[in-house]
Amino acid sequence: RALRVVELSLVAPVAAPQIDSRFMGLLGAATDAALLTDVDGRVQWANEAAVALCGEHDAEALCGQRIERLVTPAPVDMAGVLATLRHGRRHAGLTARLADGAPVELTAVPLLDCLPPGCGFFLRPAAPRGEAPFVAADALTSLLAAQPLRAVVRDAADRVERQCIEATLRLTGNNRALAAKVLGMSRQGLYLKLHLYGLAGGEERPRDD
């Protein structure tokens, strides 16, 4: 199904970080809440999912607010998260709460190469405590009979990582530099993964611009 680009107006005085338009289209149509801020954590852009999750009526109500007023991570506070983002470190899978107390999972990524530089925050409702993904017992038993648990986990993680890399390359038009930024890894690290998973070949020359 074609992605719908969601255009949202900005009211904050500082422009949102400039990101490739294809990736912005993906963010706009994403089901996870996405917010772009300046390096000090002031919201400059939000998608429809963020508007709904934060209980606002439109994106303009979010723009200009400080991210710490919208979501509170733990055990690291938002000031600590922003400080590490300014040094190029990302955070994934943080436990956090919205202003109304609702639990969410928070991922925060630095966007220091953008003009102007900024940060990206991605939120999704946390699964209820004790809830776990369903795995068929007979399938799990067969896997564990064939190889140790550590190998099963490693193989599953490798499959997920490969699928994420393939999907990101498709969404970025095979632009490896942009894909590496989206995936939160160095360009060299992405090249190593491409060779590891047999994705480096192909007749078309990959884009690095």
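Model, not experiment: these values are computed from the prediction. (Residues numbered from 1 in each chain as written. Predicted model: local features only at pLDDT ≥ 70, side-chain atom pairs only at ≥ 80, totals over all residues. Heavy atoms only, no water.)

J.: Report on the overall build of the protein, specifying residues and quantitative values.
T.: A count of helical and extended segments in the protein gives eight helices and six strands. Among the 209 residues that make up the protein, the fraction classed as buried is 34%. A separation of at least 24 residues holds for 48% of the contacts in the protein among residues at least 6 apart in sequence. Total accessible area computed for the protein in this model is approximately 12,600 Å², and 55% of it derives from carbon and sulfur atoms. (Helix = DSSP H or I, 4+ residues; strand = E, 2+ residues; numbered from the N terminus. Buried < 20%, exposed > 50% of the residue type's maximum accessible area, 1.4 Å probe, protein only. Contact = heavy atoms within 4.5 Å. Areas by Shrake-Rupley, 256 points an atom, 1.4 Å probe, with all protein chains shown as cover.)

J.: Outline the pairing of strand β1 (residues 33–38), supporting the account with residue identities and numerical values.
T.: With six of six residues buried, β1 lies mostly within the body of the structure. Burial along β1 is two-sided: Ala33, Leu35 and Thr37 and Ala34, Leu36 and Asp38, pointing in opposite directions, are all buried. Note: β1 against strand β6 (residues 118–125), six bridges, orientation antiparallel. In the strand pairing of β6, Thr37 is matched with Cys119. Summarising the sheet, β1 and strand β2 (residues 43–46) pair through three bridges and their orientation is antiparallel. Paired with Leu36 across the two strands is Trp45, which belongs to β2. What sits between the antiparallel neighbours β1 and β2 is a turn of four residues, in which Gly41 has the positive phi angle 90°. (Pairing = 2+ DSSP bridges.)

J.: I'd like to hear about the sheet that holds strand β3 (residues 71–74), residue by residue, with values.
T.: A sheet is described by the order of its strands in space; here six strands give the open sequence β2-β1-β6-β5-β4-β3, paired in antiparallel fashion. Across the chains shown, the open sheet's two edge strands, defined by having one partner strand only, are β2 and β3. Geometrically, the sheet is characterised by an average inter-axis angle of 35° between neighbouring strands, direction not taken into account. Bridge count between strand β5 (residues 103–111) and β6: eight bridges; the pairing is antiparallel. Looking across to β6, one finds that Leu106 is bridged to Leu123. Seen against the sheet, helix α4 (residues 78–86) touches β3, β4 (91–98), β5 and β6 and runs at an angle of roughly 130° to β6. (Axes fitted to C-alpha atoms, helices over the stretch in contact; angles between N-to-C directions.)

J.: Break down the environment of Ala33 for me, citing the residues and quoting the values.
T.: Structurally, Ala33 is set in strand β1. On the accessibility criterion, Ala33 (1% relative accessible area) is buried. Separated by 13 residues in sequence, Ala33 and Ala46 place their C-alpha atoms 7.7 Å apart. Residue contacts for Ala33: discarding those within four places in its chain leaves Asn47, Ala49, Ala50, Leu53, Phe121, Phe122 and Leu123.

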